[in-house]
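Single-letter residue listing:
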Amino acid sequence: MKLQDCRIAGLQDLRNALRGRTLAAIVVVLVATAHAARASEFSDDLAARRARVMDRLGPEAMLVLWSAPTARYSNDVDYAYRQDSHLYYLTGVTQPETMLILMPGNETRREILFVKDRNPGQEHWTGPLLSTEDARARTGIETVLPSSQFEPFVTAMLRGLGSGVITVKEAARFFDALSAGNARVGLVLDPNRGVSDPLTPPLEFARQIRDRFVGFGMTDARKVLADLRLVKTPYERKVLTKSFEISNDAQLAGMRAARPGAYEYEVKAAIEAVHYGRGAVPGYPSIVGSGPNATILHYPAGARQMQAGELLLVDAACSLQYLTGDITRTYPIGGTFSPAQKDIYSIVLQAQQEGVQAARPGASLMDVHRRTVEVIKAGLLKLGLLTDVSGEQYRIWYTHGASHYIGIDVHDVGDNNRPLEPGMAFTIEPGIYIRQVALDSLPRTPENLAFIDKVQPAVRKYADIGVRIEDSFLLDESGLRNLSVALPKTIEDIEALMRRRSK
């Protein structure tokens, strides 16, 4: 049954239930109708995304996308599966061995989805797979074939032959382009692969079809997909907002769990329990670093016992329906900031506030970063941690950019120099990390030795203080919206929350 038919049937059932005045029937039908409506909203959004991609590619192109491979954890146990971001963006399918082909020039059947062949024996171990009907309902793609037909289908297309429902007449524009030598095969290529690195499926596919077929050139579809993913659809904005409701509550749960004598992993467990308990998953490995661990940007362990007088830096957010936020809060484990901690925290907070003011339509994320740098330079100079604000000294203590896009990936695709526009979602996250090792590892040039001599007293004073303040924002038509505004951020608000926690 098509989704439109489901909706019509659901309304008819609702009318019948109301006539029968059976509350149970009304509840069941309302739930089923709401589920169908949500599924339709998602599949409609997916269809609109694919249409925009095909408009960019043009009628002489054929785009081929693959699902992410599975990854082995140990022996015969796999890691939890995570779909390729581009494929999910266009299909919403979360299972492996899935391929999507888009042929914008076809008459009617421009979208062909391949899903893994059903295997009841295997599904007994690993769970049910999408049937072709399930895949049609989820994605809104009418032409769904078993993945075993993928290679024969591609072979037929690149030979200029029909295959099943994609007849010669249906694909005439692509076949004419092949004959003229003007066809293009679009792939998502990995720009970071080295010469000796193993070939990814797209690169292996590109090598094979170049050896066997003619009439086409290769085109990298990364920019097309990145440009479109960068501006969130209304449906994506709604899901992203909901994901932050969960992430905000999770961060608050972590703050309540933090106390002297507890372990970092207790805070992590409290946070991720909220993620999982609300139907989400961690959007990235949660970072929970206390004391000196707060100065490690992606601190992985989480095994240290927290002590009074130290700061705890927590960088954690969830992924809901593959939309991920990014939040960092830094707070005193004992409940009160020390004077030295306040010095560093105040600079970072001011830098973030100035960065927020710079994040306006027409500006770029690089503009936001440069504004935070100005604030941090001035603050570090005042504390004696810099001797010169004209150069790059600040990079010793401020070691990352202030912003990145968020979305299907926590560090989402997009050009940081592109002007901001409604629909973009991004972080603003300045930070300062005072580590003695940063001085110790400087080359012993006369200039560096003079710098070390001047700043060493301040480094001792502020040693092992790491502060990052990160919020995620959605720029929409009404302005900039802070998606993590529910979390305390000022020194006064954080200390007040920690006092309530102790009670």
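Residues numbered from 1 in each chain as written. Predicted model: local features only at pLDDT ≥ 70, side-chain atom pairs only at ≥ 80, totals over all residues. Heavy atoms only, no water.

### Looking at the overall build of the protein chain
This is how the line gets drawn: Only DSSP runs of H or I reaching four residues or more are called helices, and only runs of E reaching two or more are called strands; each is numbered from the N terminus. Whether a residue is buried, partly exposed or exposed follows from its accessible area with a 1.4 Å probe, protein chains only, as a fraction of its type maximum: under 20%, in between, or over 50%, in that order. Every accessible area reported is derived by Shrake-Rupley at a probe size of 1.4 Å, with residue values counting cover from the shown protein chains alone.
Helices and strands together make up the secondary structure of the protein chain, namely 16 helices and 19 strands. On the principal axes, the C-alpha backbone points of the protein chain span a range of 80 × 65 × 50 Å. Taken over 503 residues, the protein chain has a buried fraction of 50%. As displayed, the protein chain has an accessible area near 23,400 Å², and 54% of this comes from carbon and sulfur atoms.

### Focus: the environment of Leu 225
Threshold: Between two residues, a contact is recorded if the distance between any of their heavy atoms is within 4.5 Å.
Looking at where Leu 225 falls in the secondary structure, it is placed in helix H9 (residues 222-230). Residue Leu 225 is classed as buried on the basis of its relative accessible area, which comes to 0%. Considered as a pair, Leu 225 and Tyr 89 are 136 residues apart in the sequence and their alpha carbons are 8.9 Å apart. Discounting chain neighbours no more than four positions away, the residues touching Leu 225 are Val 53, Leu 65, His 86, Leu 90 and Val 188.

### Quick notes on the confidence of the model for the protein chain
As a general rule, the predicted coordinates of low-pLDDT regions are not to be interpreted in detail. We count it as follows: pLDDT: the predictor's confidence for each residue, scored from 0 to 100.
With 92% of its residues at a pLDDT of 70 or more, the protein chain has an overall mean of 92. Here residues 1-11 is a poorly scored stretch, pLDDT under 50, and it has nine contacts once near neighbours within four places are set aside; other chains count.

### Observations regarding the sheet that holds strand E5 (residues 111-115)
Heads up, the condition is: Between any two strands, at least two bridges found by DSSP are needed for them to pair. The axes used here are C-alpha line fits, helices contributing only the stretch in contact, and every angle between their N-to-C directions lies in the interval 0 to 180 degrees.
Pairing within the open sheet is mixed, and its six strands lie in the order E6-E5-E4-E1-E7-E8. Of all strands in the sheet, those bounded by a partner on one side alone are strand E6 (143-146) and strand E8 (216-220). Looking at each pair of strands side by side, their axes are set apart by 20° on average, direction ignored. Sheet topology places strand E4 (residues 99-102) next to E5; four bridges connect them, and they run antiparallel. Across the sheet, the residue bridging to Ile 101 is Ile 112, located in E5.

### Regarding helix H6 (residues 150-158)
The periodicity of an α-helix, 3.6 residues per turn, causes residues three or four places apart in sequence to face the same way. Within H6, the full set of buried residues consists of Phe 150, Phe 153, Val 154, Ala 156, Met 157 and Leu 158. Count one or two residues on from H6 and you reach Gly 160, which has phi positive near 75°.

### Considering the sheet that holds strand E14 (residues 328-332)
Across the sheet, three strands lie side by side as E10-E11-E14; this open sheet has antiparallel pairing. Here the strands that pair on one side only, and so sit at the sheet edges, are strand E10 (287-290) and E14. Taking each pair of neighbouring strands and ignoring which way they run, the sheet shows an average axis angle of 10°. When strand E11 (residues 311-315) meets E14, the two strands line up antiparallel, connected through five bridges. Across the sheet, the residue bridging to Asp 315 is Thr 328, located in E14. Contacts from helix H10 (residues 234-257) reach E11 and E14 within the one sheet, and its direction differs from that of E14 by about 20°.

### Here's the deal with the pattern of salt bridges
Stated formally: One speaks of a salt bridge when a side-chain nitrogen belonging to Lys or Arg is within 4 Å of a carboxyl oxygen belonging to Asp or Glu.
Scanning the entire structure with this criterion turns up 32 salt bridges. Salt-bridge contacts for Arg 371 lead to Glu 354; the nearest nitrogen and oxygen are separated by 3.0 Å. Taken together, the residues Arg 371 in helix H13 (residues 365-383) and Glu 354 in helix H12 (residues 339-358) connect sequence positions 17 residues apart. Taking the relative accessible area as the measure of exposure, Arg 371 reaches 26% and is therefore partly exposed. Each of the salt bridges in this network shares a partner with another, and the network as a whole consists of Arg 56, Lys 223, Asp 227, Arg 418 and Glu 421.

### Observations concerning the packing of H10 against helix H11 (residues 264-277)
Heads up, the condition is: The labels follow the angle: roughly parallel below 35 degrees, roughly antiparallel above 145, roughly perpendicular from 65 to 115, and oblique for the rest. Left-handed describes a crossing whose near helix is turned anticlockwise from the far helix by less than a right angle; the clockwise case is right-handed. In the scheme used here, Gly and all other residues not listed as nonpolar or charged are polar, with Ala, Val, Leu, Ile, Met, Phe, Trp, Tyr, Cys and Pro taken as nonpolar and Asp, Glu, Lys and Arg as charged.
At a minimum axis distance of 8 Å, the contact between H10 and H11 shows a crossing angle of 150°. Classified by the angle their axes make, H10 and H11 are roughly antiparallel. In the packing of H10 onto H11, the handedness of the crossing is right-handed. Contacts from Ile 246, Asp 249, Ala 250, Ala 253, Gly 254 and Ala 257 of H10 reach H11 at Glu 266, Val 267, Ala 270, Ile 271, Val 274 and His 275. Here the contact of H10 with H11 is built from residues that sort into eight nonpolar, two polar and two charged.

### Remarks on the packing of aromatic side chains
This is how it is decided: Aromatic pairing here means that ring centres of Phe, Tyr or Trp (its six-membered ring) are within 6.5 Å. Orientation follows from the plane angle: under 30 degrees is stacked, over 60 is edge-to-face, and everything else is tilted.
Tallied over the full model, the rule gives 14 aromatic pairs. Taking the centre distance of 6.3 Å and the plane angle of 55° together, the rings of Phe 174 and Phe 175 count as tilted. Accessibility assignment for this pair places Phe 174 and Phe 175 in one class, buried. Ring pairs connect the aromatic residues Trp 66, Phe 114, Phe 150, Phe 153 and Phe 205, which therefore count as one cluster.

### Notes on the nonpolar core
What counts, and what does not: To qualify as a nonpolar core, a set must consist of buried Ala, Val, Leu, Ile, Met, Phe, Trp, Tyr and Cys residues joined through side-chain atoms within 4.5 Å.
Counting 102 residues, the largest nonpolar core has Val 267, Leu 385 and Trp 397 as the members making the most contacts within it. Counting residues per element, this core draws most heavily on H10, which supplies 10 residues. Not counting residues up to four positions away in its chain, the partners in contact with Leu 385 are Ile 344, Leu 380, Trp 397, Ile 434, Phe 451, Val 455, Ala 458, Val 459 and Tyr 462. One finds Val 64, Ala 183, Phe 205 and Phe 213 within the second-largest nonpolar core, a separate group that totals 29 residues.

### A look at the environment of Ala 180
Along the chain, Ala 180 turns up in helix H7 (residues 172-180). Note: C-alpha distance between Ala 180 and Ala 206 (26 residues apart in sequence) is 20 Å.

### Describing unusual backbone geometry
Backbone geometry places Glu 97, a non-glycine residue, at a positive phi of 55°. Mapped onto the elements of the fold, Glu 97 is located in the loop between helix H3 (85-91) and E4. Taking the relative accessible area as the measure of exposure, Glu 97 reaches 41% and is therefore partly exposed. Residue Tyr 322 is not a glycine yet carries a positive backbone phi of 65°. Along the chain, Tyr 322 turns up in the loop between strand E12 (318-320) and strand E13 (323-324).

### A word on the packing of H6 against H7
Running from amino to carboxyl end, H6 crosses H7 at an angle of 60°, the nearest separation of the two axes being 9 Å. By the angle between their axes, H6 is oblique relative to H7. Across the interface between the two elements, Ala 156, Met 157 and Leu 158 of H6 pack against Phe 174, Phe 175 and Leu 178 of H7. In terms of residue class, the contact of H6 with H7 is made up of six nonpolar, no polar and no charged.

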